[in-house]
Amino acid sequence: MFQVNRAYPYIFYLSLAIYLFSLFWGLFLTPEDFVQGNSYRIIYLHVPASFISQSLYLAMAIASAVYLIWKVKLSVYLVRSIAPIGAMTTFIALISGSIWGIPTWGTWWVWDARIVSTLILFIMYLGLISLHDSFNNYEKADKFLSILVLVGSVNIPIIKMSVEWWSTLHQPASITLSEKPAIDLVMLYPLFGSIIGFTGLIACLVILSSKLQIIKREKNKSWVKDYV
Amino acid sequence: MQPIIRAHNLSYKINDKKLFQGITFDLVKGKALHIKGENGSGKTTLLKIVCGLTKPTKGDLTTNTNKEICFIGHKNALKQYLSIEDNLTLMNVGNHQDIQKYLSIFNLDKSLDVNIANLSFGQQKKIALLRLFLNNSDLLILDEPCVGLDMNAQKILVEFLNEELLNGKVVLFSSHISLDIVSDSLSI
Amino acid sequence: MNIIRFEFLKLLKKSRGWLGPILVFTLIMIAYPLTVELTDIELGQSFFSILWIAALLVMMLATEDIFLEDFNDGSLEQYAISQNNLSFVIGSKIFIYWLVIGLPISALGSIFCFGIINQHNFSFQIFPVLLISTYIFLNVFSFGNALSLTKGSILGILVTLPMLLPLLIILGKVVIAINFDLNYSGFLFLLLGILSIIIVIIPMITSYIIRAHLE
């Protein structure tokens with residue numbers, strides 16, 4: 001924890017710098033898209049957020065497996081502290097996608113495979129949080145949380161696949177995400193930068209949140225009293 | 001002689017708060033142990049640990065019996081919407097040879113078709129205790145068996161337990177009142 | 001085998017447990033035509049979505065009490081101490097629920113299907129699909145209700161409903177398959193495959209959860 005504390009400001013400022021730099025690059029130094037105009041520039045928020053929202057679930061699944069197999073308490077603290085951040089990024093992805101949808105598709109909501117599975121992911125995050133918070137006995141709550149995360153992690157690919165399968169029939173092809181013009185290299189570099197920067201920022205948030213969890217859960221231990 | 005229960009240095013924590021620690025005892029055939037303690041001292045938890053429902057935070061527990069454990073807890077495991085007779089079936093004691101004897105001792109043999117919900121707390125407890133009286137176990141674990149019982153039923157219970165001890169069974173019980181059973185005692 | 005007999009007795013004597021869900025299902029199937037203009041084409045179009053959702057809802061209601069009652073009165077405690085395999089106990093409990101609730105609902109569903117779509121082969125083909133899907137619903141909701149055992153069934157449904165969405169999609173495809181006479185048996189085997197995985201795994205996970213609750 002103390003090493004993390006020391007590294008934390010470096011990670012934070014570095015990723016903030018990367019993100020702001022790519023944002024600046026993406027917003028001001030790249031040309032307009034000739035189909036979508038300036039509105040496409042929301043991808044510098046939307047793409048990193050949707051990327052992170054799924055990777056966070058994967059991280060939770062790994063941490064849950066570690067907890068169930070080796071009984072490492074820290075890993076379940078990590079699961080619990082990632083869950084709200086995952087919900088938040090999923091929410092950002094949904095909202096930014098929806099805002100993007102207005103100028104490009106002319107509507108807030110489309111029954112598109114990716115959108116639907118992101119919404120389901122969002123609900124699953126909220127379900128995980130409410131499950132954990134409804135038990136007073138932490139050990140029970142931890143067990144149930146990690147089981148549910150693991151079961152969910154088996155399910156998420158299935159949900160994604162089946163939703164894609166479903167939308168191929170119902171969805172008029174003109175408004176799927178794959179229809180947008182293939183991305184140009186000029187836009188790709190700042191996009192990569194923004195993904196890296198955003199990931200770093202989220203990592204900082206995870207560190208802060210897990211610090212909070214550790215202190216909350218171990219508040220009776222003497223080292224926490226010394227630390228606080 | 002090999003002990004039926006051997007508990008060594010058991011301790012238990014809930015949310016990192018200690019409930020009890022350093023519980024050590026051996027129980028050989030024909031012995032009883034009375035567990036004493038204040039409310040919330042962890043008597044029920046200790047009994048659940050011996051049953052194998054709860055895992056101790058630390059310590060070892062070995063039980064040496066290949067028969068089922070007979071456990072009478074706070075919850076009576078009776079179905080409120082079923083009759084006494086159906087409940088006896090569910091308890092798997094419906095065909096036991098001694099069942100009529102105990103039913104008539106407890107004055108329940110006339111009302112076999114009455115739903116459990118219509119019985120008093122003490123009567124329900126008596127039916128739950130049939131699980132004990134008709135048991136097929138070496139190890140009897142009782143959590144506050146006397147709660148709600150009248151004096152007569154308590155006497156029958158104590159007599160039964162003494163007889164079972166003579167038969168070489170092992171009894172582990174928690175109780176607030178002292179029972180007339182030859183037993184060691186353990187305070188937690 | 002005793003376990004199956006006992007669970008059967010327990011469920012059968014509790015009429016709100018099994019008759020309730022069946023009646024609710026019937027009521028939904030009667031109520032939904034009232035919400036649309038009564039032309040046969042429209043009824044036929046929305047019939048299957050109502051059928052699947054109604055089956056889902058009713059299975060949700062049916063499993064609400066599946067472990068809670070046994071947990072509260074201590075029966076689960078006795079099961080866990082006894083030498084019975086807890087996951088077998090849970091598996092047979094779910095099986096009994098399916099036999100007493102899922103089976104009649106599947107039959108009712110295909111009868112309603114006959115009444116509204118009015119084609120024999122449709123209702124014959126929908127019956128096995130209903131049988132399998134109600135069994136899967138029961139399993140998954142039992143898992144959810146075990147998770148949220150003492151905390152109300154809403155929470156359990158919240159965490160398990162997203163997992164059933166793929167199944168609903170498959171069920172939608174099955175209807176299309178029946179409609180256009182495409183690969184119906186393929187879908188049936190797919191559903192059977194899903195069921196056979198779930199029927200093994202869910203009781204195992206659930207027994208782990210129940211043991212954690214009993215601690």
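It should be emphasised that the depicted structure is a prediction, and the values quoted were computed from it without experimental measurement.

J.: I'm lost on the overall build of chain A in this one. Help?
T.: What chain A contains, in helices and strands, is seven helices and zero strands. Secondary structure elements in chain A, listed N-terminal to C-terminal, are α-α-α-α-α-α-α. The proportion of buried residues among the 228 residues of chain A is 47%. Counted over contacts in chain A with a minimum sequence separation of 6, partners at least 24 positions apart contribute 77%. For chain A, the exposed surface amounts to about 11,800 Å²; the carbon and sulfur share of it is 72%.

J.: It is not clear to me how the environment of B:Lys48 should be interpreted in this structure. Could you clarify?
T.: Residue and element names in this part refer to chain B. Structurally, the position occupied by Lys48 is in helix 1 (residues 43-51). Judged by relative accessible area, Lys48 falls into the buried class, the value being 16%. In this structure the C-alpha to C-alpha distance between Lys48 and Leu78, which are 30 residues apart in sequence, comes to 19 Å.

J.: Before we go on, may I ask you to explain the confidence of the model for chain C in this structure?
T.: If pLDDT is low for a region, its predicted coordinates should not be looked at in detail. Looking at chain C as a whole, its pLDDT mean stands at 90, while 98% of the residues score no less than 70. Per-element confidence in chain C is highest for helix 9 (residues 184-214) of chain C, whose mean pLDDT is 94, and lowest for helix 3 (residues 40-63) of chain C, whose mean pLDDT is 87.

J.: What am I meant to see in the pattern of salt bridges here?
T.: As a working rule, side chains carrying opposite charge can pair if their charged atoms are close by. Using the criterion set out here, one finds 19 salt bridges over all chains in the structure. Where C:Glu7 meets C:Lys93, a salt bridge forms, and the shortest distance between an N and an O atom there is 2.8 Å. Residue C:Glu7 is located in helix 1 (residues 2-12), and its partner C:Lys93 is located in helix 6 (residues 86-117); the two are separated by 86 residues in the primary sequence. Assessed through its relative accessible area of 3%, C:Glu7 is described here as buried. Several salt bridges converge on common partners, so that one network encompasses B:Lys79, C:Glu7, C:Lys10, C:Lys14, C:Arg16, C:Asp65, C:Glu69, C:Asp70, C:Asp73 and C:Lys93.

J.: Can you walk me through the layout of surface pockets in this structure?
T.: One simple way to see leftover space: roll a probe sized like a water molecule over the atoms. Empty space within the second largest pocket amounts to approximately 750 Å³. At the level of elements, strand 5 (70-72) and helix 2 (84-90) of chain B together with helix 1 and helix 5 (75-81) of chain C are the ones that each hand at least two residues to the lining of the second largest pocket. The leading source of residues in the lining of the second largest pocket is helix 1 of chain C, at four residues. When its residues are assigned to classes, the lining of the second largest pocket shows eleven nonpolar, 13 polar and four charged.

J.: Would you explain the sheet that holds strand 4 (residues 58-63) of chain B in this entry?
T.: Adjacent strands of a sheet form backbone hydrogen bonds with each other and so pair up, either parallel or antiparallel. All names here are of chain B. On the basis of which strands lie adjacent, the open sheet formed by three strands has the order 2-1-4 and antiparallel pairing. Unpaired on one side and paired on the other, strand 2 (17-27) and strand 4 mark the two borders of the sheet. Between one strand axis and the next, the sheet turns by 20° as a mean value, whatever way the strands run. As defined by bridge partners, strand 1 (residues 5-14) adjoins strand 4 across five bridges and the pair is classed as antiparallel. Across the sheet, the residue bridging to Ile5 is Thr63, located in strand 4. Packed onto the sheet, helix 1 meets strand 1, strand 2 and strand 4 and runs at close to 55° relative to strand 2.

J.: Even after reading the chapter, I still don't get the interface of chain C and chain A, so can you show me in this structure?
T.: Each partner contributes residues to the interface: chain C has 23 residues there, and chain A has 25 residues. Across the contact surface, chain C and chain A share three residue pairs in polar contact (both at pLDDT 80 or more). Broken down by secondary-structure element, the contributors of at least two residues to the side of chain C that touches chain A are helix 7 (120-147), helix 8 (153-180) and helix 9 of chain C. It is helix 8 of chain C that contributes the most residues to the side of chain C that touches chain A, eleven residues altogether. Of the residues belonging to the side of chain C that touches chain A, the class tally is 17 nonpolar, three polar and three charged.

J.: Sorry, what's going on with the sheet that holds strand 5 of chain B here?
T.: All names here are of chain B. The sheet built from five strands is open, its strands ordered 5-6-7-3-8 with parallel pairing. Each end of this open sheet is capped by a strand with a single partner; those strands are strand 5 and strand 8 (184-187). With direction set aside, neighbouring strand axes in the sheet form an average angle of 15°. In this structure, strand 3 (residues 32-36) lies alongside strand 7 (residues 170-174), joined through four bridges in parallel fashion. Residue pairing in the sheet places His34 in a bridge with Phe173 of strand 7. In this fold helix 1 packs onto strand 3, strand 5, strand 6 (139-143), strand 7 and strand 8, with an angle of close to 155° to the strand it touches most, strand 6.

J.: When you look at unusual backbone geometry in this model, what are you seeing that I'm missing?
T.: Negative phi characterises most residues that are not glycine, and trans characterises most peptide bonds. Of note, the phi angle at B:Ala77 is positive, near 55°, even though the residue is not glycine. Tracing the backbone through its elements, the reader meets B:Ala77 in the loop between strand 5 and helix 2.

J.: Mind showing me how you'd approach the environment of A:Ala65 here?
T.: In this fold, A:Ala65 is placed in helix 2 (residues 43-70). Placed 131 residues apart in sequence, A:Ala65 and A:Ile196 show a C-alpha to C-alpha distance of 26 Å.

J.: Can you walk me through the side chain of B:Ser175 in this structure?
T.: All names here are of chain B. You can see Ser175 is positioned in the loop between strand 7 and strand 8. Owing to a relative accessible area of 5%, Ser175 belongs among the buried residues under this scheme. A distance of 2.7 Å separates a polar atom in the side chain of Ser175 from the backbone oxygen of Ile177.

J.: Sorry if this is basic, but what is going on with the nonpolar core here?
T.: Formed by 146 residues in total, the largest nonpolar core has its most connected members in B:Phe25, B:Leu172, C:Phe47 and C:Phe48. Per element, the largest residue contribution to this core is 15 residues, and it comes from helix 7 of chain C. Excluding residues that lie within four positions of it along the chain, B:Phe25 makes contacts with B:Ile5, B:Arg6, B:Ala7, B:Leu33, B:Val50, B:Leu172 and B:Leu186. Core analysis: the second largest hydrophobic core is formed by 36 residues, B:Met91, B:Ile116, B:Leu140 and B:Leu161 among them.

So, how was this worked out
Residues numbered from 1 in each chain as written. Chains lettered and ligands numbered in written order. Predicted model: local features only at pLDDT ≥ 70, side-chain atom pairs only at ≥ 80, totals over all residues. Heavy atoms only, no water. Helix = DSSP H or I, 4+ residues; strand = E, 2+ residues; numbered from the N terminus. Buried < 20%, exposed > 50% of the residue type's maximum accessible area, 1.4 Å probe, protein only. Contact = heavy atoms within 4.5 Å. Areas by Shrake-Rupley, 256 points an atom, 1.4 Å probe, with all protein chains shown as cover. pLDDT = per-residue confidence, 0-100. Salt bridge = Lys/Arg side-chain N within 4 Å of Asp/Glu carboxyl O. 1 Å grid on protein atoms, 1.4 Å probe; cavity = no way out; pocket = protein on both sides within 12 Å on 5 of 7 lines; lining within 4 Å. Points joined across faces, edges and corners; volume = space filled by probe spheres on them. Nonpolar A, V, L, I, M, F, W, Y, C, P; charged D, E, K, R; others polar. Pairing = 2+ DSSP bridges. Axes fitted to C-alpha atoms, helices over the stretch in contact; angles between N-to-C directions. Polar contact = N/O pair within 3.5 Å; in protein donor to acceptor, adjacent residues only side chain to side chain. Core = buried A, V, L, I, M, F, W, Y, C linked by side-chain atoms within 4.5 Å.

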